[in-house]
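Below, each chain spelled out in residue letters.
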Amino acid sequence: MNKNENNNNGFFNKNPILIFAVFAIVIVVLFRSFSDSEFGSDMISANTQTKNLAYSDFKDYIKKGQISQVAIAETTIKAVGTDYSVYMIKRVNDPTLVPVLEEAKVQYTAFSERNWLSDLLFSWVLPVFIFFGIWMFLASRMQKNMGGGLLGVGSAKKLINSEKPKVTFADVAGVEEAKEEVEEIVDYLKDPDKYLRLGAKIPKGILLVGPPGTGKTLLARAVAGEANVPFFSMSASSFIEMFVGVGASRVRDLFENAKKESPAIVFIDEIDAIGKSRNSGPMGGNDEREQTLNQLLSEMDGFDADKAPVIVIAATNRPEILDAALLRPGRFDRQVLVDKPDFKGRIDILKVHMKDVKISDNVDLQEIGRLTTGLAGADLQNVINEAALLAGRKSKKVVEQSDLIEAVERSIAGLEKKSRRVNKKEKRIVTYHESGHALIAELTKGAKRVSKVSVVPRGLAALGYTLNTPEENKFMMQKHELIAEVDVLLGGRAAEEVFIKEISTGASNDLERATDIIKSMVSIYGMSDVAGLMVLEKQRNNFLGGQTIKDYSDKMAEKVDEFVKTMLSQRYEAVLDTLRAYSGAIENMVLALYDEETIDGAKVREIIRNYEEANGLETRLVEHEEDDDIKKQLEK
Ligand code: ADP
Ligand code: ZN
């Protein structure tokens, strides 16, 4: 928010028009005096006072020898006397003038005068125009840069979007609880009197909280669509302008417009841009932001729901930084969580967006749902769109499963770069690394099942990947599941050590995550002897991945580090043992990956089972239950 900080200081920012006006006048005056001195000739000094003289007197003066220099123009004559006074004479058509001048030995010359029109044009109009042109140019540039600008100071007309959305609740999927929470608002907007007669207090403000792309804007529009009321929207970051007071006046405009057409919805996206807690910034307060926030609060406090029902819906993905004043009763006192969709939610969202494209009858949406853990609604919409583009490129009539899968992979791991040639050495490393992850995942109780292993390069960051299907709706993990995840993460690096006999840099992210998991077992979940039940780090906001606050002694920190290190090396040893015991299975996976570049979870399990049978080993393959879970969820 750099641009906000500019607002703190400066006369210039607060009084742009005044400054520009002063500047304009200075330029014009300079221009005028410049052109005045040019007017006439060099023999007439600009600061001598000019006296008017009748033509007849002028001729008398010449004859008496009182004139030393004369300059003749079309309609005027200027003359300088021997006493240096300057005379202005209206010219008379008099052919005898020159002979008289000659006789009196007066130095004379001609000059071209401008008439009053060109005088006006050159000295006033032109500079003003030039200046105005420059001003307009600068203003339009500023406007582009910051979505507002000089000429639009105080006016938000262009920035306020007003529409009557056609979107309904049917277009919003996977956020059923949030939908239920806002349903009441729809009913109220449809018939406010029904509630007002009873004296019911309807919330004025609703705060939608959730990660980006989960459908907060969509949900707000759907409320307006369902209630068939106008929807006024604005992003809070566009309230904030270069000039103090602009934001506040925009807020005023926004509410004025909405009240005129009430009942209505006012939607403010990214409310955190103005609603930041007043002492959260490193620089302390910010005039413009605070003014804007205060205006918003007073609008919300001020409007009388009985007369003009306007409901304000705001969205944020950072509720923890909001000023408490915003959350007080009568303001955004109702908060609705719009979270990332779960398995069933993802399938519903995919279905919503599949309506717009031609899709093959035999696509397996369950598989797509499983592969898209962690994606938000906007990502899923993107997957469908991308799949349609892929199918189009291949001139297909309908979108097929393979297109969908490819689209998912693209959005998960970046664009597939078939053209990028991985060298042989790299490919060998990646293949063993990924096989290591996959094997450990299948043999460790509590680990997530492998759904796919791939060594097709995707972008630069990920050379290969193993997709694990986490169990759905899992808000809680047991200790053995956390350890299992650590094992799986270590599997890649361990495989490099066992089979390549050298370690690459490719595992650094894995190690970082493994370290984090063990650390949080100690410091957050109370799962170690080091700190016992003592919580060392508080999570401020866990559903949105907020920061943690550390609160422990250096001595404790040392112990924690020691624990993490020991635990990591213990787990690593165990993983190495497993890999050595199953080296044949790894080799077979590697062969399959060389052939096909991608193998699915079933193939991984088949390879392991065959290896175990061939070597008379009792199976260590873990039963995974989530197949049943998913079936159950779908039946619901
Ligand atoms: P947010 O405001 O939470 O950042 P948006 O509402 O702007 O997210 O979502 C962008 C687009 O993604 C929507 O217009 C819609 O097409 C799609 N989308 C997001 N969430 C959902 C959802 N829950 N159901 C259907 N479509 C969704
Ligand atoms: Zn890895």
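Keep in mind it's a predicted model, so treat the numbers as computed, not measured.

**Side note on the site of ligand 1**
- Near ligand 1 there are 15 residues, and of these A173, G213, K216, T217 and H353 occur at the shortest range.
- Between ligand 1 and G215, the relevant distance is 3.1 Å, taken from an oxygen atom to a main-chain nitrogen or oxygen of the residue.
- Across the complex, the protein chains shield 81% of the 560 Å² of accessible surface that ligand 1 would expose by itself.
- Only α9 (216-227), α13 (343-354) and α15 (377-393) provide two or more residues apiece to the shell around ligand 1.

**A few points about the coordination of the zinc ion (ligand 2)**
- For the zinc ion (ligand 2), the full set of protein donor atoms is H433 (NE2), H437 (NE2) and D510 (OD), and the range of their distances to it is 2.0 to 2.1 Å.
- Counting the intervening residues between successive donors of the zinc ion (ligand 2) yields the motif H-x3-H-x72-D. Taken together, the positions of H433 in helix α17 (residues 424-443) and D510 in helix α19 (residues 508-523) put the pair 77 residues apart, joining distant regions of the chain. You'll find H433 and D510 in the same group, each marked buried.

**What about the environment of Q107?**
- When you line up the elements, Q107 lands in strand β5 (residues 107-110).
- What makes Q107 exposed here is its relative accessible area of 52%.
- As a C-alpha pair, Q107 and A79 span 28 residues in sequence and 10.0 Å in three-dimensional space.
- With near-sequence residues (within four places) excluded, Q107 lies in contact with S68, Q69 and V70.

**Concerning the UniProt feature "active site" (unreviewed entry) in the protein**
- The positions UniProt marks with the feature "active site" (unreviewed entry) are E434.
- Turning to its location among the elements, E434 is positioned in helix α17.
- Looking at E434, the relative accessible area reads 7%, which means it is buried.

**A short note on the nonpolar core**
- The biggest cluster of nonpolar side chains holds 55 residues, and the ones touching the most others in it are L439, L579, M589, V604 and I608.
- Secondary-structure elements contributing two or more residues to this core are α17, β12 (449-454), α18 (479-500), α19, α20 (554-581), α21 (583-596) and α22 (601-614).
- At 12 residues, the largest contribution of residues to this core is made by α18.
- Excluding anything up to four places from it in sequence, V604 contacts A438, E442, V450, V453, M589 and I599.

**Thoughts on the pattern of salt bridges**
- With the rule as written, the count across this model stands at 18 salt bridges.
- Here K394 ties to E406 by a salt bridge, and the two come within 3.4 Å at their closest N and O atoms. With a gap of 12 residues between them, K394 in the loop between α15 and α16 (401-413) and E406 in helix α16 connect regions that are remote in the sequence.
- Overall, the relative accessible area of 44% leaves K394 in the partly exposed class.
- A salt bridge links D577 to R580, with the shortest nitrogen-to-oxygen separation between them at 3.9 Å. Of the two residues, D577 and R580 both sit in helix α20, three residues apart, roughly one turn of that helix.

What counts as what
- Residues numbered from 1 in each chain as written.
- Chains lettered and ligands numbered in written order.
- Predicted model: local features only at pLDDT ≥ 70, side-chain atom pairs only at ≥ 80, totals over all residues.
- Heavy atoms only, no water.
- Near = heavy atom within 4 Å.
- Polar contact = N/O pair within 3.5 Å; in protein donor to acceptor, adjacent residues only side chain to side chain.
- Areas by Shrake-Rupley, 256 points an atom, 1.4 Å probe, with all protein chains shown as cover.
- Helix = DSSP H or I, 4+ residues; strand = E, 2+ residues; numbered from the N terminus.
- Donors = N, O, S within 2.8 Å, 3.2 Å for Na, K, Ca; no water.
- Buried < 20%, exposed > 50% of the residue type's maximum accessible area, 1.4 Å probe, protein only.
- Contact = heavy atoms within 4.5 Å.
- UniProt positions renumbered as here; feature names shortened; annotations may be inferred.
- Core = buried A, V, L, I, M, F, W, Y, C linked by side-chain atoms within 4.5 Å.
- Salt bridge = Lys/Arg side-chain N within 4 Å of Asp/Glu carboxyl O.

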